[in-house]
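As a plain string of letters, each chain reads:
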Amino acid sequence: STPRALPALTPQGLAIRYAATRDDIEAAAQVAAEHGHHRRAAALRGMAVPGRRFLFFDGRDGGRAVEVFGDLSRARRVAVLVPGADIDLDRFARAHAWGDRLWRAVGGDSAVLVWLGYRTPGTFSVHAATTALAERAAPGLRDFVAELRAMLPSARVSLLCHSYGSLVCAHAAPGLDVSDVVLFGTVGVGIDHTAALRTRATVWAGRSSRDEIGSLPRLRLRLGPVTVGFGA
């Protein structure tokens, strides 16, 4: 069903949003179970356990969710983790684990947000080789960061962008009010130099020596209205 209207993102409205999204997740788990979608139901029940907090939830089209780690209302540093391919509600536990480990590492006055605000591609799908889903996702990420900045104007906000999520961040980056853009395990971002991101943020890039993404060809081809491959 269509997500309910939620209060504006403010420190005072966070508790209401957390409670409303938990109710929506529990309702979606019940519907999934009634229709025999047992994997989805189990994943949703895990998301609804006490202690987990979500700013947003939508069970349609693979699912959308924004999970919070730490005390967002008082955070002085905020990391927005943008996941990539193969992350949806059925596999959200992977993104949850990343967010949890990151928050435990930084802790203190920091908060970590896992932003699954778009339909991610499957690793071996046609969408994984084109920019289409990233282009559609970028406005939503920009709007979310703007809401976050309005609530926490003095916080340091960083985007942490994994795999295909780095392409989403690249499309959202121009003029975005963030301090850092961190690209890791990236498929490429469709540019030849960081200046093309048109951002004042510090741009970081990293990759594990064991990450197979490093073996992919770094090509970028324009085929009519579609770009295939993402370059360096």
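The structure under discussion appears in the preceding block.
Residues numbered from 1 in each chain as written. Predicted model: local features only at pLDDT ≥ 70, side-chain atom pairs only at ≥ 80, totals over all residues. Heavy atoms only, no water.

Participant: Describe the state of the cysteines, listing the residues and the values that go with them.
Facilitator: Applying the stated criterion across every chain yields a total of 1 disulfide. Covalently, C161 is tied to C169 through a disulfide, its sulfur atoms 2.2 Å apart. Handedness here is read from the sign of the S-S torsion; for C161 and C169, about -95°, the answer is left-handed. Judged on exposure class, the residue C161 and its partner C169 are both buried. (Disulfide = S-S within 2.5 Å. Buried < 20%, exposed > 50% of the residue type's maximum accessible area, 1.4 Å probe, protein only.)

Participant: So what's going on with helix 2 (residues 38–47)? Which residues, and what values?
Facilitator: Within the sequence span of helix 2, burial applies to R40, A41, A43, L44 and M47. With its buried residues spanning 165° around the axis, helix 2 presents them on a single face. Turned more than 90 degrees away from the buried face of helix 2, the exposed residues are H38 and R39. Buried residues along helix 2 sit in contact with helix 1 (14–34), strand 1 (53–58), strand 2 (64–69) and helix 3 (92–106). (Helix = DSSP H or I, 4+ residues; strand = E, 2+ residues; numbered from the N terminus. Arc of directions from axis to C-beta. Contact = heavy atoms within 4.5 Å.)

Participant: Give a detailed account of the nonpolar core, specifying residues and quantitative values.
Facilitator: Judged by nonpolar contacts, the single largest core of 44 residues is most densely connected at L72, V78, V80, L141 and L148. At the level of secondary structure, the elements contributing two or more residues to this core comprise helix 1, strand 2, strand 3 (77–82), strand 4 (110–116), helix 4 (132–151), strand 5 (156–162), helix 5 (165–172) and strand 6 (180–184). Per-element accounting of this core gives the leading share, 9 residues, to helix 4. With sequence-adjacent residues up to four places away left out, L148 is seen in contact with L9, L72, V78, V80, L113 and V157. L44, A48, F92 and V112 belong to the second largest nonpolar core, which has 19 residues in total. (Core = buried A, V, L, I, M, F, W, Y, C linked by side-chain atoms within 4.5 Å.)

Participant: Explain the packing of aromatic side chains to me, and be specific about the residues and the numbers.
Facilitator: One pass over the structure, following the stated rule, counts 2 aromatic pairs. Pairing F54 with F92 gives two aromatic rings, centres 5.9 Å apart and planes at 45°, and the pair type is tilted. Placement of the pair is F54 in strand 1 and F92 in helix 3, with a sequence separation of 38 residues. Between the aromatic rings of W115 and Y118, the centroid separation amounts to 6.0 Å while the plane-to-plane angle is 15°, which identifies the pairing as stacked. (Phe/Tyr/Trp six-rings, centres within 6.5 Å; stacked < 30°, edge-to-face > 60°.)

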